[in-house]
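In case you want the letters, here they are:
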Amino acid sequence: MARVARIETDRLLLREQQPSDAAAWAPHLGDPDFQRYIPVRRTADALEVRAARGFDALMQRWATEPLVAVGWVITRRSDGAVIGRGGVEAGEDPGDGEIDYFLAKPYWGQGYGREAAQAMARFALEAIPFRRLVAYIVPGNEGSIRIAEGLGLRFEREVNYLDFFPNPAEIQLANPMTGLYVADRGAVTFGTGQYRVLDGTPG
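Thresholds, definitions, all that
Residues numbered from 1 in each chain as written. Predicted model: local features only at pLDDT ≥ 70, side-chain atom pairs only at ≥ 80, totals over all residues. Heavy atoms only, no water. Phe/Tyr/Trp six-rings, centres within 6.5 Å; stacked < 30°, edge-to-face > 60°. Helix = DSSP H or I, 4+ residues; strand = E, 2+ residues; numbered from the N terminus. Buried < 20%, exposed > 50% of the residue type's maximum accessible area, 1.4 Å probe, protein only. Polar contact = N/O pair within 3.5 Å; in protein donor to acceptor, adjacent residues only side chain to side chain. Contact = heavy atoms within 4.5 Å. Core = buried A, V, L, I, M, F, W, Y, C linked by side-chain atoms within 4.5 Å. Arc of directions from axis to C-beta. pLDDT = per-residue confidence, 0-100.

The next subject is the packing of aromatic side chains. Taken as a whole and judged by the stated rule, the model has ten aromatic pairs. Relative to Phe55, the ring of Trp25 has its centre 6.3 Å away and its plane inclined at 45°; by these criteria the two rings are tilted. Pair noted here: Trp25 is in helix H1 (residues 21-29) and Phe55 is in helix H3 (residues 47-60), with a separation of 30 residues, a long-range link. For the pair Trp25 and Phe55, a shared accessibility class is recorded, and that class is buried. Judged by centre distance (5.6 Å) and plane angle (90°), the ring pair of Trp72 and Phe123 falls under edge-to-face. Taken together, the residues span a long stretch of sequence, with Trp72 in strand E4 (residues 69-76) and Phe123 in helix H4 (residues 112-127) at a distance of 51 residues. Each of the two residues, Trp72 as well as Phe123, counts as buried. Members of the aromatic cluster, connected to one another through ring pairs, are Trp25, Phe34 and Phe55.

Here's what the structure looks like:
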């Protein structure tokens, strides 16, 4: 199993899951604004249980060798705050790496999402032979669109995101029609900020 690579950027540390992360992340999951543009599974589970399950799934991405997916808990270096989660995993089409990034509302509009996405995309494309980087974004999610376009992704077409789930009735999503944003791997831009892999190399 590949170790989780810890990545340091100008303001962020992308790292493995820690025992206290679920409790720190759970309050953000119940925010209606946070839920507005993402698929949410209908469940009676407590927020902390849902948070732990999500982080567990991120860490499980590293279990396959050679790597086919990677994921991180996104934290702020200045105070260690858990501000998001994200990563890259194999997409619907062969050769696609789908990037996802979820940032808690208090940290929106400060460039953290862009900084994290650039680091995650760079690591994934250097470690995994994806042909393209793709993202699925609900119309109206302007912050996520700006992040994707900053990476060099461009709108290709509209898809029904619920088609990707085996039981769509279990998923709550205000607008299932999402934009598919795409860039060939050579067209992805990573920015000029700090990027340092501290430990945990692929393989």
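The next thing to look at is the side chain of Arg61. One can find Arg61 in the loop between H3 and E4. A distance of 2.8 Å separates polar atoms of two side chains, one belonging to Arg61 and the other to Asp100. Ignoring sequence-local partners within four residues, the contact set of Arg61 consists of Ala69, Val70, Gly71, Gly86, Gly87, Val88, Glu89 and Asp100.

Formed by 55 residues in total, the largest nonpolar core has its most connected members in Trp62, Val70, Trp72 and Ile99. Top element by residues in this core is H4. It accounts for nine residues. Beyond its immediate chain neighbours, meaning those up to four positions away, Ile99 contacts Gly87, Val88, Ala117, Ala121, Leu133, Val134, Ala135 and Leu151. Grouped together as the second largest cluster of nonpolar side chains are eleven residues, Val134, Tyr161, Phe165 and Val182 included.

Bringing H1 into the picture now. Every buried residue of H1 is listed here: Asp21, Ala22, Trp25, Ala26, His28 and Leu29. All buried residues of H1 fall inside an arc of 160° around its axis, so they share one side. The inward-facing, buried residues of H1 abut strand E2 (12-15), helix H2 (32-35), H3, E4, strand E5 (82-90) and strand E6 (96-103).

Our focus in this paragraph is the confidence of the model for the protein. A residue-level look at the protein finds 97% of positions with pLDDT of 70 or above and a mean pLDDT of 91. Mean pLDDT across the secondary structure elements of the protein bottoms out at strand E3 (residues 40-41), with 70, and peaks at E2, with 98.

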